[in-house]
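A structural walkthrough
Listed below, chain by chain, are the residues.
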Amino acid sequence: MQRLKPNQHKSRRAGFTFLELQVAFLLLALSLAALGPMVVMQSRHLAVLEDRFDETTTYHLTPVESDWASRLGAAAVVTDTATSSGPPPPPIVTLIDQTDPGYTEEDIGAIDWTTVHNSHSYGSYQRRQNGGGFGDKAYFTFENLPAGNYEVFATWGKKSNNAPNTPFTIYDDTIQVGFRRRNQKKHPKDAWIEGVRWAQLGLFPISSGTLKVMVSDNANGYVMADAIRIAPVQVNEVEILGLNRSLTDDSVSLTVRLSAP
Amino acid sequence: MINCNHTRISRRCGFTLMEVVVVGALMSLLLMLFSAAWQGFARPTSSAVRRARLIREAGLLVEALSRDVGGSLAEQPLGNKETSRLVGHTVIAGNELRLCFDGDPADEIANWALPDTVITWTLTGDRIVRSNLLSGAVITVADSVDTFTVVDLPAAVQIQVQFSDGELTRDLTLEAVVP
């Protein structure tokens, strides 16, 4: 707005100049024009938010399957389709002691299976078959196993009157896949796992999901049924694709392909 | 407009009162026209803000719930993986969800008492509140909630929530896998 000069008459009226009004209207127009992009941004933001949760969809919250991931704070997975019909399956059983549900016995005739204490056995107790070859058996049954190869271990507490040739028969459900005899007069010595000695019975392929180890009394002495441990083993196939020997030096190059079964 | 280039002192320059009045009248007319356009502009804008707020509340609810049903108690992310695991749930009166987290030592059984930790999800006023029954810690998870319904399903719970702000409503249905 124009200012009055000191020597101007007091009656003189000052008004807005054309330039002042132009600037004012320009600023007003700019302010209004800025609202347009704001509305566009807001509507796009809203569209993104509304796409996230639809009112007609049921969203499924499924826990992560890894215990450690969940322990370290992993949240449940949110999906718009059901990825699981129930809670995650329990981890597979890899060890059966003689007190666990996977252990069963067949005792023919008189009662021959008894529980005996032995500080070297798993959990300090084991089942003893008093010998005689009556056809008594003990079974360690692992169920719901993924198909694959499993290393099987057995343990027992040694004693001088134990059988030197206790038979272990390994089944893939009902099909026999292995047979081993082990000397139970001595400590198992193939592996030391979690403070316990284990005897290796071998690596066996399991396709039915059920691995069964049978201990029978067809032996010369007391037969001990204590605990069986299994461990899934990934067996890789190695295929040699090429073998080249250099003509100029001593180097040899080998080309192989590794694949999981 | 009066031309101020002439130097006579008595001559005033700038717009006359009549000019400003005419311009003011024209501006009023323009503003009336503009206000009609504003009706169509401001109302959707206001509605969009409220809709966005309801969706944000829904998002907060989903994120908080996904922490609890993720498998372990969010307050204790470290330590043995067997402790603080989600081991059980129960639904009270169709509007309260209780989750039981295993204590230390872990027994994988929902005892609903120490050393286990019990977390409840309830509707208090227009807010969904997550409470730790043992420590007394209470957290508001979501606001502007109209209804909160929990239905027990086999190995899962279905949670239906309706958010509202004035006449605006938004429904959310969740199905959480819980032991």
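Our structure is the block above this text.
What counts and how
Residues numbered from 1 in each chain as written. Chains lettered and ligands numbered in written order. Predicted model: local features only at pLDDT ≥ 70, side-chain atom pairs only at ≥ 80, totals over all residues. Heavy atoms only, no water. Phe/Tyr/Trp six-rings, centres within 6.5 Å; stacked < 30°, edge-to-face > 60°. Lys NZ or Arg CZ within 6 Å of the ring centre and 35° of its normal. Pairing = 2+ DSSP bridges. Helix = DSSP H or I, 4+ residues; strand = E, 2+ residues; numbered from the N terminus. Axes fitted to C-alpha atoms, helices over the stretch in contact; angles between N-to-C directions. Salt bridge = Lys/Arg side-chain N within 4 Å of Asp/Glu carboxyl O. Buried < 20%, exposed > 50% of the residue type's maximum accessible area, 1.4 Å probe, protein only. Contact = heavy atoms within 4.5 Å. Buried area = accessible area lost by both parts, 1.4 Å probe. Polar contact = N/O pair within 3.5 Å; in protein donor to acceptor, adjacent residues only side chain to side chain. Nonpolar A, V, L, I, M, F, W, Y, C, P; charged D, E, K, R; others polar. Patch = residues over 30% accessible without salt bridge, like charges linked within 9 Å, V, L, I, M, F, W, Y side chains within 5 Å. Areas by Shrake-Rupley, 256 points an atom, 1.4 Å probe, with all protein chains shown as cover. Lys, Arg positive; Asp, Glu negative; His and termini not counted. Charge placed at Lys NZ, Arg CZ, Asp CG, Glu CD.

1. Concerning the packing of aromatic side chains
Residues and elements named next belong to chain A.
- A full pass over the atoms with the stated rule returns four aromatic pairs over all chains.
- For Arg-128, the ring lying beneath its charged end belongs to Tyr-222, and the centroid distance is 4.5 Å.
- The positively charged end of Lys-212 is found above the aromatic ring belonging to Tyr-139, 5.7 Å away from the centroid.

2. Topic: the sheet that holds strand 5 (residues 113–117) of chain A
Residues and elements named next belong to chain A.
- Strand order in the open sheet made by the three strands is 5-6-14, with antiparallel pairing throughout. Of all the strands in the sheet, just strand 5 and strand 14 (223–225) have a single pairing partner and so form its edges. Put simply, the sheet's adjacent strands are angled 40° from each other on average, direction ignored.
- Inspection of the sheet shows strand 5 paired to strand 6 (residues 125–129) by five bridges, in the antiparallel sense. Opposite Thr-114, over in strand 6, you have Arg-128 as the bridge partner.

3. Quick notes on the pattern of salt bridges
- Evaluation of the coordinates by the stated rule reveals nine salt bridges over all chains.
- Ionic pairing is found between Glu-50 of chain A and Arg-51 of chain B, a salt bridge with its closest N-O pair at 3.0 Å. Of this pair, Glu-50 of chain A sits in helix 1 (residues 18–52) while Arg-51 of chain B sits in helix 1 (residues 17–68), which puts the two residues in different chains.
- Residue Arg-51 of chain B is classed as partly exposed on the basis of its relative accessible area, which comes to 30%.
- Between Glu-96 of chain B and Arg-98 of chain B there is a salt bridge, and its shortest N-O distance comes to 2.7 Å.
- Judged by its relative accessible area of 14%, Glu-96 of chain B falls in the buried class.
- Under the relative-accessibility criterion, Arg-98 of chain B is labelled partly exposed at 27%.

4. A short note on the interface of chain A and chain B
- With 41 residues of chain A at the interface, the matching set in chain B holds 50 residues.
- Where chain A abuts chain B, roughly 4100 Å² becomes buried across the two surfaces, and 59% of that area is made up of carbon and sulfur atoms.
- Seen at the junction of chain A and chain B, the total is three salt bridges.
- The closest approach of N and O atoms between Glu-63 of chain B and Arg-52 of chain A, which form a salt bridge, is 3.0 Å.
- Applying the counting criterion to the chain A and chain B interface returns nine residue pairs in polar contact (both at pLDDT 80 or more).
- Ranked by residues supplied to the side of chain A that touches chain B, first place goes to helix 1 of chain A with twelve residues.
- Classifying every residue of the side of chain A that touches chain B by side-chain character gives 21 nonpolar, twelve polar and eight charged.
- Sheet topology note: the strand 1 (residues 58–62) of chain A/strand 8 (residues 168–177) of chain B ladder contains four bridges and is parallel.

5. A closer look at a negative patch on the surface
- On the surface, Asp-51, Asp-54 and Glu-55 of chain A together with Asp-171 of chain B cluster together to form a negatively charged patch.
- With respect to the helices, strands and loops of the structure, Asp-51 of chain A is situated in helix 1.

6. Things to note about unusual backbone geometry
All names here are of chain B.
- A cis amide bond, omega 10°, links Asp-104 with the succeeding residue Pro-105.
- In this structure, Pro-105 sits in the loop between strand 2 (96–101) and strand 3 (117–124).
- That bond from Leu-114 to Pro-115 is cis: its omega, 5°, falls within 30 degrees of zero.
- Of note in this structure, Ser-84 is not a glycine but carries a positive phi near 60°.
- Tracing the backbone shows Ser-84 in the loop between helix 1 and strand 1 (86–92).

7. Re the environment of Thr-56 of chain A
Residues and elements named next belong to chain A.
- Relative to the elements of secondary structure, Thr-56 occurs in the loop between helix 1 and strand 1.
- Judged by its relative accessible area of 73%, Thr-56 is exposed.
- Side-chain polar atoms of Thr-56 contact the side chain of Asp-54, separated by 2.4 Å.

8. Quick notes on a nonpolar patch on the surface
- A surface patch of nonpolar side chains, amounting to about 600 Å² of accessible area, comprises Phe-25, Leu-28 and Leu-32 of chain A together with Val-23, Leu-31, Phe-34 and Trp-38 of chain B.
- Contributions of two or more residues to the nonpolar patch are made by helix 1 of chain A together with helix 1 of chain B.
- When residues of the nonpolar patch are assigned to their parent elements, the largest contribution, four residues, is made by helix 1 of chain B.
- Secondary-structure assignment places Trp-38 of chain B in helix 1.
- On the basis of relative accessibility, which here comes to 36%, the residue Trp-38 of chain B falls in the partly exposed class.

9. Description of the sheet that holds strand 9 (residues 166–172) of chain A
Residues and elements named next belong to chain A.
- If you trace the five strands from one edge of the open sheet to the other, you get 4-7-13-9-10, paired in antiparallel fashion. Edge positions in the open sheet fall to strand 4 (103–106) and strand 10 (175–182), since each of these has one partner strand only. On average, each strand axis in the sheet is tilted by 20° relative to the strand beside it, whichever way the strands run.
- Where strand 9 and strand 13 (residues 211–216) come together, five bridges link them in antiparallel fashion. What sits directly across from Thr-169, in strand 13, is Met-214.

10. Regarding the side chain of Ser-121 of chain A
Residues and elements named next belong to chain A.
- Within the secondary structure, Ser-121 sits in the loop between strand 5 and strand 6.
- Engagement of the side chain of Ser-121 in a polar contact is seen with the backbone nitrogen of Tyr-125, the distance being 3.1 Å.
- The residues touching Ser-121, leaving out its near neighbours within four places in the chain, are Gln-126, Trp-156, Gly-157 and Asp-226.

11. Description of the side chain of Glu-151 of chain A
All names here are of chain A.
- On the secondary structure map, Glu-151 appears in strand 8 (residues 148–155).
- Buried and unpaired, Glu-151 has Arg-180 as its nearest opposite-charge partner, separated by 8.0 Å.
- Here Gln-200 takes part through its side chain, which lies 2.5 Å from a polar atom of the side chain of Glu-151.
- Ignoring sequence-local partners within four residues, the contact set of Glu-151 consists of Gln-200, Gly-202, Leu-203, Arg-229, Ile-230, Ala-231 and Val-233.

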